[in-house]
Amino acid sequence: QVQLVESGGGLVESGGSLRLSCAASGSIFSINYMGWYRQAPGKQRELVAAITSGGSTNYADSVKGRFTISRDNAKNTVALQMNSLKPEDTAVYYCNVDLVLVDTYRGMGYWGKGTLVTVSS
């Protein structure tokens, strides 16, 4: 099986920074896609940033220039550096990965349990 462990959420003042990390472990052959999503109260879950195995990135317009996604393929980790945080960034942030299992070579998607980011004004 596969486990995703997220860390780095917390409370920060507007303009501050936080770094989220997500580590994938288990029966992993390869990871194709790693991304961060967020869900604010009363809103739908939305893509924040994503990165492919080749390093191509994609960002939501609302975070471009402020957030940076990166990954370590050797460690199966993905990070989200969040700078110039705003109150509207307050949400539960979820790690998402698309990977290939080592035993079946099937592609599967997994979600982390989420980590809360709160930005005070």
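Described below are features of the structure shown in this document.

Rules and cut-offs
Residues numbered from 1 in each chain as written. Predicted model: local features only at pLDDT ≥ 70, side-chain atom pairs only at ≥ 80, totals over all residues. Heavy atoms only, no water. Phe/Tyr/Trp six-rings, centres within 6.5 Å; stacked < 30°, edge-to-face > 60°. Helix = DSSP H or I, 4+ residues; strand = E, 2+ residues; numbered from the N terminus. Lys NZ or Arg CZ within 6 Å of the ring centre and 35° of its normal. Pairing = 2+ DSSP bridges. Axes fitted to C-alpha atoms, helices over the stretch in contact; angles between N-to-C directions. Salt bridge = Lys/Arg side-chain N within 4 Å of Asp/Glu carboxyl O. Buried < 20%, exposed > 50% of the residue type's maximum accessible area, 1.4 Å probe, protein only. Contact = heavy atoms within 4.5 Å. Polar contact = N/O pair within 3.5 Å; in protein donor to acceptor, adjacent residues only side chain to side chain.

1. Comments concerning the packing of aromatic side chains
Applying the stated criterion to the full structure yields 3 aromatic pairs. Summarising the aromatic geometry, the rings of Phe-29 and Tyr-105 are spaced 5.1 Å apart at their centres and angled 75° between planes, so their arrangement reads as edge-to-face. Taken together, the residues span a long stretch of sequence, with Phe-29 in strand 4 (residues 28-39) and Tyr-105 in the loop between strand 9 (91-101) and strand 10 (107-111) at a distance of 76 residues. Considering the side-chain rings of Tyr-37 and Trp-111, the 5.0 Å spacing of their centres and the 65° angle between planes classify their relative orientation as edge-to-face. Of the two residues, Tyr-37 sits in strand 4 while Trp-111 sits in strand 10, which places them 74 residues apart along the sequence. Over the ring of Tyr-94 we find Arg-45, and its NZ or CZ is 3.7 Å from the ring centre.

2. Quick look at the pairing of strand 10
In this sheet, strand 10 lies alongside strand 9 in antiparallel orientation, the contact comprising 5 bridges. Each residue of the ladder has a partner; that of Val-97, found in strand 10, is Tyr-110.

3. Looking at the sheet that holds strand 7 (residues 67-72)
Strand order in the open sheet formed by 4 strands is 1-3-8-7, and the pairing between neighbours is antiparallel. At either margin of the open sheet sits one strand with a lone partner, and together these are strand 1 (2-7) and strand 7. Between one strand and the next, the sheet's axes are offset by a mean angle of 15°, whatever the strand orientation. When strand 7 meets strand 8 (residues 77-82), the two strands line up antiparallel, connected through 6 bridges. Bridging from a neighbouring strand, Phe-67 pairs with Met-82 of strand 8.

4. Details of the pattern of salt bridges
Throughout the structure, instances matching the rule amount to 4 salt bridges. The partner of Glu-46 in a salt bridge is Arg-38, with the nearest N and O atoms 2.8 Å apart. Between Lys-64 and Asp-61 there is a salt bridge, with its nearest N and O atoms 3.1 Å apart. Asp-61 sits in the exposed class, given a relative accessible area of 66%. Each of the salt bridges in this network shares a partner with another, and the network as a whole consists of Arg-38, Glu-46, Arg-66 and Asp-89.

5. Let's talk about the environment of Thr-115
Mapping Thr-115 onto the fold places it in strand 11 (residues 115-120). The exposure class of Thr-115 is buried, given its relative accessible area of 12%. When neighbours within four sequence positions are excluded, Thr-115 is seen to be in contact with Glu-6, Gly-9, Leu-20, Ala-91, Val-92 and Tyr-93. In this structure the side chain of Thr-115 is engaged in a polar contact, spanning 3.3 Å, whose partner is the backbone nitrogen of Gly-9.

6. Re unusual backbone geometry
Within the chain, Asn-76 stands out as a residue other than glycine whose phi angle is a positive 55°. Relative to the assigned elements, Asn-76 resides in the loop between strand 7 and strand 8. Overall, the relative accessible area of 21% leaves Asn-76 in the partly exposed class. Here the phi dihedral of Ser-84 falls at roughly 50°; this positive angle occurs in a residue that is not glycine. Here Ser-84 is to be found in the loop between strand 8 and strand 9. The partly exposed category is assigned to Ser-84, whose relative accessible area is 42%.

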